[in-house]
There are 2 protein chains.
Amino acid sequence: MSIIHKFEGKTEKGEYQWEGVQANQFSLPDNSNYIKHILIGSDDGAPTFVIRFFQLPVGSSSPLHKHPHEHGVLILRGKARVQINDDFQELSIMDTVFISGEDLHQFVNIGNESLGFLCVVPKSGEY
Amino acid sequence: MSIIHKFEGKTEKGEYQWEGVQANQFSLPDNSNYIKHILIGSDDGAPTFVIRFFQLPVGSSSPLHKHPHEHGVLILRGKARVQINDDFQELSIMDTVFISGEDLHQFVNIGNESLGFLCVVPKSGEY
């Protein structure tokens, strides 16, 4: 069955919420918290991919890690520095990043507002 | 190998382009043209999903059709009316839509600017 999640936030204030989508908060190694929304996933009946939206607070970083599954990322808010293996690049709104499986990667919020980005994974990558 | 596509457009002007991504223009049944960018796909080495960005001009519609693969949609610009089987809903920026495989669907641009949306498909759905 198809499903719509209406946006109920205010992007200009960095407030992101969608009808029927839970905001899940998780701790980061630096003791800050990030927020994860599963915009489209198994609860919607999506059989092959999952579309997640992440928010990282100012100055915070995602874990430096790697795993077998790939990422498809689109920056929607703020500024990031991404590390991919030994390479570092700065990212702004609407930049996209494809991260291959087993590539070491980390996102650092280098802006003065929360960093918001979509991250698509195959179903096996959402756990 | 991982890859970054830097955004080179101007969202406020409805100009969308990315470094290393082709803008492909196609005709619609109403003789208008839509633009498709493959933001992440097989050219990037993405093994399981494809992230596309579509722009539909004012007053235009995507084909009313169905197919075996699912869609994961996020509206990024403008206003749409989406038909899913016998249901019609209006969509605005940041609304998401999951369209199941074999559900009849169509997007109509009901705003006064181009309609821009992401559409994620499994690799089998990009042809």
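Structure: above.
As a starting point, this report considers the structure included with it. (Residues numbered from 1 in each chain as written. Chains lettered and ligands numbered in written order. Predicted model: local features only at pLDDT ≥ 70, side-chain atom pairs only at ≥ 80, totals over all residues. Heavy atoms only, no water.)

### Quick notes on the overall build of chain A
Keep this limit in mind: The way it works is that DSSP assigns letters per residue, a run of H or I at least four long becomes a helix, a run of E at least two long becomes a strand, and they are numbered from the N terminus. In this treatment the radius of gyration is a C-alpha quantity, and the globule benchmark scales as 2.2 Å times the residue count to the 0.38 power. When accessible area is computed with a 1.4 Å probe and restricted to protein chains, residues below 20% of their type maximum are described as buried, those above 50% as exposed, and intermediate ones as partly exposed. Here the positive residues are Lys and Arg and the negative ones are Asp and Glu; neither His nor the chain ends is included. Just so you know, the charge point we use is NZ for Lys, CZ for Arg, CG for Asp and CD for Glu.
Regarding its fold elements, chain A presents zero helices and 10 strands. For chain A, the N- to C-terminal ordering of α and β elements is β-β-β-β-β-β-β-β-β-β. Over its C-alpha atoms chain A spans a radius of gyration of 14 Å, differing by no more than 12% from the 14 Å that the globule rule assigns to 127 residues. Projected onto the principal axes, the alpha-carbon positions of chain A cover approximately 45 × 35 × 25 Å. Burial status across chain A gives 54% buried among its 127 residues. The average position of the 10 basic charges and that of the 16 acidic charges among the side chains of chain A differ by 4 Å.

### Concerning the pattern of salt bridges
Selection criterion: Salt-bridge detection follows one rule: a side-chain nitrogen of Lys or Arg within 4 Å of a carboxyl oxygen of Asp or Glu.
Evaluated as defined, the whole model comprises eight salt bridges over all chains. For Lys36 of chain A, the salt bridge is made with Glu126 of chain A, and the minimal N-O distance between the two is 2.9 Å. A residue pair is termed long-range when its members are at least 10 positions apart, and Lys36 of chain A in strand S3 (residues 33-40) and Glu126 of chain A in the segment after strand S10 (115-122) qualify at 90 residues. Among the residues examined, Lys36 of chain A registers a relative accessible area of 9% and is labelled buried. Ionic pairing is found between Lys6 of chain B and Asp95 of chain A, a salt bridge with its closest N-O pair at 2.7 Å. Of this pair, Lys6 of chain B sits in the loop between strand S1 (3-5) and strand S2 (23-27) while Asp95 of chain A sits in the loop between strand S7 (87-91) and strand S8 (96-99), on two different chains. Asp95 of chain A gets classed as buried once you look at its relative accessible area, which sits at 2%.

### Section: the relation of the copies chain A and chain B
Mapping one chain copy onto the other needs a rotation about an axis and a shift along that axis. Just so we agree on the cut-off: C-alpha atoms of residues with pLDDT of at least 70 in both copies form the basis for the least-squares superposition of the copies. Contacts are assigned to residue pairs with any non-hydrogen atoms lying within 4.5 Å of each other.
Between the two copies, chain A and chain B, the superposition gives an RMSD of 0.0 Å; the rotation angle is 180° and the shift along the axis is 0.0 Å. Considering both components of the superposition, the chain copies are consistent with a two-fold axis. Residues of chain A ranked by C-alpha distance from the rotation axis are headed by Phe49 of chain A, positioned 3.5 Å from it. Here 100% of the contact residues of chain A are again contact residues in chain B; the copies associate through an equivalent surface.

### As for the environment of Phe117 of chain A
Residue and element names in this part refer to chain A. Position of Phe117 among the secondary structure elements: in strand S10. The exposure class of Phe117 is buried, given its relative accessible area of 5%. Remark: the alpha-carbon pair of Phe117 and Leu56, spanning 61 residues in sequence, is separated by 8.8 Å. What Phe117 contacts, discounting residues up to four positions off in sequence, is Arg52, Phe53, Phe54, Leu56, Val73, Leu74, Ile75, Leu76 and Phe107.

### A short note on the sheet that holds strand S5 (residues 71-77) of chain B
Hydrogen bonds between backbone atoms are what pair the strands of a sheet, whose relative direction is either parallel or antiparallel. Convention followed: When DSSP finds two or more bridges between a pair of strands, those strands are recorded as paired. Comment: axis = line fitted to C-alpha atoms, over the contacting stretch for helices; angle = value between 0 and 180 degrees taken between N-to-C directions.
Here seven strands make up an open sheet; going across it, the order is S1(A)-S8(B)-S5(B)-S10(B)-S4(B)-S3(B)-S2(B) and the pairing antiparallel. The sheet terminates laterally at strand S1 (3-5) of chain A together with S2 of chain B, the two strands that pair on one side only. In this sheet, neighbouring strand axes are inclined to one another by 25° on average, regardless of whether the strands run parallel or antiparallel. In this sheet, strand S3 (residues 33-40) of chain B lies alongside S2 of chain B in antiparallel orientation, the contact comprising five bridges. Residue pairing in the sheet places Gln25 of chain B in a bridge with Ile35 of chain B of S3 of chain B.

### Digging into the interface of chain A and chain B
Worth spelling out the cut-off: Once two parts are joined, some of their accessible surface, as seen by a 1.4 Å probe, is lost; buried area is that loss totalled over both. Any N or O atom pair separated by 3.5 Å or less is treated as a polar contact, with the protein-specific requirement of one donor-capable and one acceptor-capable atom, and with residues adjacent in sequence counted only for side-chain atom pairs. Each residue gets one of three labels, nonpolar for Ala, Val, Leu, Ile, Met, Phe, Trp, Tyr, Cys and Pro, charged for Asp, Glu, Lys and Arg, and polar for the others, Gly among them.
Listed by partner, the interface residues are 44 residues for chain A and 44 residues for chain B. Carbon and sulfur atoms supply 67% of the area buried between chain A and chain B, which totals about 3100 Å² over both sides. Contact with chain B buries surface across chain A, with Met94, Thr96 and Phe98 of chain A losing the most and accounting together for 22% of the total. Here chain A and chain B share two salt bridges between them. The interface formed by chain A and chain B holds 21 residue pairs in polar contact (both at pLDDT 80 or more) in total. Counting only elements with at least two residues in the side of chain A that touches chain B, the list comes to S1, S3, strand S4 (49-56), strand S5 (71-77), strand S6 (80-84), S7, S8 and S10 of chain A. With five residues, the top contributor of residues to the side of chain A that touches chain B is S5 of chain A. A breakdown of the residues in the side of chain A that touches chain B according to their chemical character gives 27 nonpolar, 11 polar and six charged. Direction of pairing for S8 of chain A relative to S1 of chain B: antiparallel, over a ladder of three bridges.

### As for unusual backbone geometry
Although it is not a glycine, Asn31 of chain A adopts a positive phi angle of roughly 70°. Along the polypeptide, Asn31 of chain A turns up in the loop between strand S2 (23-27) and S3. By relative accessible area, Asn31 of chain A is classed as exposed at 70%. Its identity is not glycine, yet Met94 of chain B carries a phi of approximately 80°, on the positive side. Structurally, Met94 of chain B can be placed in the loop between strand S7 (87-91) and strand S8 (96-99).

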